[in-house]
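What follows is each chain in one-letter form.
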2 protein chains.
Amino acid sequence: MEAKEISKAVIKRLPRYYRYLGELMEENVERISSNDLSKKMHVTASQIRQDLNNFGGFGQQGYGYNVRYLYTEIGKILGLDTVHPMIILGAGNLGQALANYVDFEKRGFKLVGIFDVNPVLEGIAVRGIEIQMLSDLPLFLKENEVEIAILTLPKIKAKEMAKILIDNGIKAIWNFAHIDLDAPEDVMVENVHLSESLMTLSYNLSEYRKEHEGM
Amino acid sequence: MEAKEISKAVIKRLPRYYRYLGELMEENVERISSNDLSKKMHVTASQIRQDLNNFGGFGQQGYGYNVRYLYTEIGKILGLDTVHPMIILGAGNLGQALANYVDFEKRGFKLVGIFDVNPVLEGIAVRGIEIQMLSDLPLFLKENEVEIAILTLPKIKAKEMAKILIDNGIKAIWNFAHIDLDAPEDVMVENVHLSESLMTLSYNLSEYRKEHEGM
């Protein structure tokens, strides 16, 4: 299966297909037409067919999609059929929130370590994993297989830690720090800039008001 | 200033300009050319000029941009020149993490209430604001001015609460629940689907491996 030249927009939609198919499975739906899926997801049916054709199709003309099969195949495309050992740097509220998110583990994202700078937190267990000091990180990375690092540190610390992670062979960083990380081409970075999302909301709100209430 | 037909992509980049200009101000930079800004942000200079021209320009040929002026103006476009009273529904780790994020308040996003279903949390203060029960929400909305509601509730509860929010005149929802909310056209919804962001990372990781390590 060739998966090259797939646009970012398609890739962004895949997890959404996966979520909707998961919901259909919970509702014991076995088959769904692209028309019905399109109504549910507020996407056009031709968009769905186009998106899925990037990966080989999965549907039979007139029979619709087998929900469980499509769910499983999209899961494979998303890399959810293997275990991804993952660590969290930053054991504050956000780090702990992510550590406690059980859905991640169900999808193969397995938490294997949590690190912080604050000595008060050392040894405290979060979901059975004891918080370690960031100074122990390089040794930990040498002795353990880690694939994904989650950064929930302040921006100054984040930059320094990203370097340590990259120098020690980490290939995927999920970055919550309010900064753009410099990473080489073979290190995948996915940013969640929360305050930028909130600003987009406030932009849309004030634009809507200008248009509808005059200004 | 007309701000219509501005593409989503431009709007998504505005908070990033705002962030970089804020960093330049911290470094006491007073003026910057679009070339220098472009190097810093890894965007082309013509992209920057095009983006800013949507809002009237802000630059003088040959003089570059006045950093503080541009920062202030983009802040206004983003609606950061007014106070946005905001409530959080869901006082779990994520809700508390967002409540404690001081940067939001600096930008005018003022937390005025936190709500949860868990009676154990009732009355506990988070940044000086006592957690109230979700059953008190409708009355609170009638008696207080609230602009933005942050949803960090499980998806079943989130749907029900979104309805209450909308029925009580809330016009902006920042949704962290793993669900697409049905909202009328005059209610702005900004979604942060964390697990979808993590899946995008795992997709990119497995694609990269397929391409570079063979499969």
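All figures in this text were calculated on a predicted structure; none of them were measured in a lab. For every chain, the first residue of the written sequence is number 1, and numbering continues from 1 along that sequence. Here chains are named by letter from A upward and ligands by number from 1 upward, in the order in which they appear as written. Whole-chain, interface and lining totals are the exception, using all residues; otherwise, since this is a predicted model, local features are given only for residues with pLDDT of at least 70 and side-chain atom pairs are given and counted only at 80 or more. Note that water and hydrogens are dropped before the side-chain values are worked out from all heavy atoms of the structure.

1. Thoughts on the domain arrangement of chain A
Note that the domain bounds reflect an automated or database-derived domain assignment. Taken as a whole, chain A is organised into domain 1 (8-77) and domain 2 (84-195). A separation of 32 Å is found between the C-alpha centroids of domain 1 of chain A and domain 2 of chain A.

2. Let's talk about the sheet that holds strand E8 (residues 172-175) of chain A
Strand pairing is assigned whenever DSSP detects at least two bridges linking the two strands. Helix and strand assignments follow DSSP, with helices taken as H or I runs no shorter than four residues and strands as E runs no shorter than two, numbered in order from the N terminus. Spatially, E5-E6-E4-E3-E7-E8-E9 (chain A) is the arrangement adopted by the seven strands of the open sheet, whose pairing is mixed. Both outer strands of the open sheet, strand E5 (125-126) and strand E9 (188-191) of chain A, are each paired with one neighbouring strand and no more.

3. Structural notes on the pairing of strand E3 (residues 84-89) of chain B
Residues and elements named next belong to chain B. Burial classes: relative accessible area under 20% of the type maximum marks a residue as buried, over 50% as exposed, and values in between as partly exposed (1.4 Å probe, protein chains only). Within E3, six of the six residues are buried, which leaves the element mostly enclosed by the surrounding structure. Side chains His84, Met86 and Ile88 project from E3 onto one buried face, and the interleaved Pro85, Ile87 and Leu89 project onto a second face that is buried too. Across six bridges, E3 lies against strand E4 (residues 109-116) in parallel orientation. Note on E4: the bridge partner recorded for Ile88 is Ile114. In this sheet, strand E7 (residues 148-151) lies alongside E3 in parallel orientation, the contact comprising four bridges.

4. Observations concerning the pairing of E4(B)
All names here are of chain B. When you tally the buried positions in E4, you get six out of eight residues, the bulk of the element. Here three bridges tie E4 to strand E6 (residues 129-133), and the two strands are oriented parallel to one another. Bridged to Phe115 within E6 is Gln132.

5. Concerning the interface of chain B and chain A
If you look at the interface, chain B gives 67 residues, while chain A gives 67 residues. A simple way to read buried area is as the amount of 1.4 Å-probe accessible surface that goes missing from two parts once joined, with both sides added. Counting each side, the surface lost to burial between chain B and chain A is near 5800 Å², with a carbon and sulfur contribution of 63%. We define a salt bridge as a contact between a side-chain nitrogen of Lys or Arg and a carboxyl oxygen of Asp or Glu at a distance within 4 Å. Our count for the chain B to chain A interface comes out at 10 salt bridges. Among the ionic pairs, Arg19(B) bridges to Asp180(A), the shortest N-O distance being 3.2 Å. Polar contacts here mean pairs of N or O atoms no more than 3.5 Å apart (in protein, one a potential hydrogen donor and the other a potential acceptor; neighbouring residues in sequence count only if both atoms are side-chain atoms). Where chain B packs against chain A, one counts 18 residue pairs in polar contact (both at pLDDT 80 or more). Among the elements that line the side of chain B that touches chain A, the one with the most residues is helix H9 (residues 194-213) of chain B, at 17 residues. Charged means Asp, Glu, Lys or Arg here, nonpolar means Ala, Val, Leu, Ile, Met, Phe, Trp, Tyr, Cys or Pro, and polar covers whatever is left, Gly included. Of the residues contributing to the side of chain B that touches chain A, the split by class is 34 nonpolar, 14 polar and 19 charged. Between two residues, a contact is recorded if the distance between any of their heavy atoms is within 4.5 Å.

6. Regarding the UniProt feature "DNA-binding region" (unreviewed entry) in chain A
UniProt positions are given in the numbering used here, feature names are shortened, and annotations may be inferred rather than shown by experiment. If you check UniProt for "DNA-binding region" (unreviewed entry), the listed places come out as residues 16-55 of chain A in our numbering. With 70% helix and 5% strand, residues 16-55 of chain A has its two end C-alpha atoms placed 16 Å apart.

7. Focus on the relation of the copies chain B and chain A
Our superposition of the copies is a least-squares fit, built on the C-alpha atoms of residues whose pLDDT is at least 70 in both. Placing chain B over chain A gives an RMSD of 0.0 Å and needs a rotation angle of 180 degrees, together with 0.0 Å of translation along the axis. As the rotation angle and translation indicate, the two copies are arranged about a two-fold axis.

8. Some words on the packing of helix H9 (residues 194-213) of chain A against helix H1 (residues 8-26) of chain B
Note on method: axes are straight lines fitted to C-alpha atoms, helices fitted across the in-contact stretch only, with angles between N-to-C directions ranging 0 to 180 degrees. Their axes nearest at 9 Å, the elements H9(A) and H1(B) cross at an angle of 120 degrees. When the interaxial angle is binned, H9(A) and H1(B) end up oblique. Considering only the axes of H9(A) and H1(B), their crossing is right-handed. On H1(B), the residues touching Glu196(A), Met199(A), Thr200(A) and Tyr203(A) of H9(A) are Ile11(B), Lys12(B), Leu14(B), Pro15(B), Arg16(B), Tyr18(B) and Arg19(B). An angle below 35 degrees is treated as roughly parallel, one above 145 as roughly antiparallel, one from 65 to 115 as roughly perpendicular, and anything else as oblique. Two helices crossing with the near one rotated counterclockwise from the far one by less than a right angle form a left-handed crossing, whereas a clockwise rotation gives a right-handed crossing.

9. Details of the sheet that holds strand E5 (residues 125-126) of chain B
Within the open sheet, the seven strands sit side by side as E5-E6-E4-E3-E7-E8-E9 (chain B). Their pairing is mixed. Two strands close off the open sheet at either side, each with one partner strand: E5 and strand E9 (188-191) of chain B. Contacting E3, E4, E7, strand E8 (172-175) and E9 of chain B, H9(A) runs over the sheet at an angle of about 165 degrees to E9(B).

10. Some points on the packing of helix H2 (residues 34-41) of chain B against helix H3 (residues 45-53) of chain B
Residues and elements named next belong to chain B. Contact geometry of H2 with H3 gives a least axis separation of 8 Å together with a crossing angle of 110 degrees. Of the possible angle classes, the one that applies to H2 and H3 is roughly perpendicular. The segment H2 lies against H3, with Ser34, Asn35, Leu37 and Ser38 engaging Ala45, Ile48 and Arg49. Among the residues making up the contact of H2 with H3, the classes are represented as three nonpolar, three polar and one charged.

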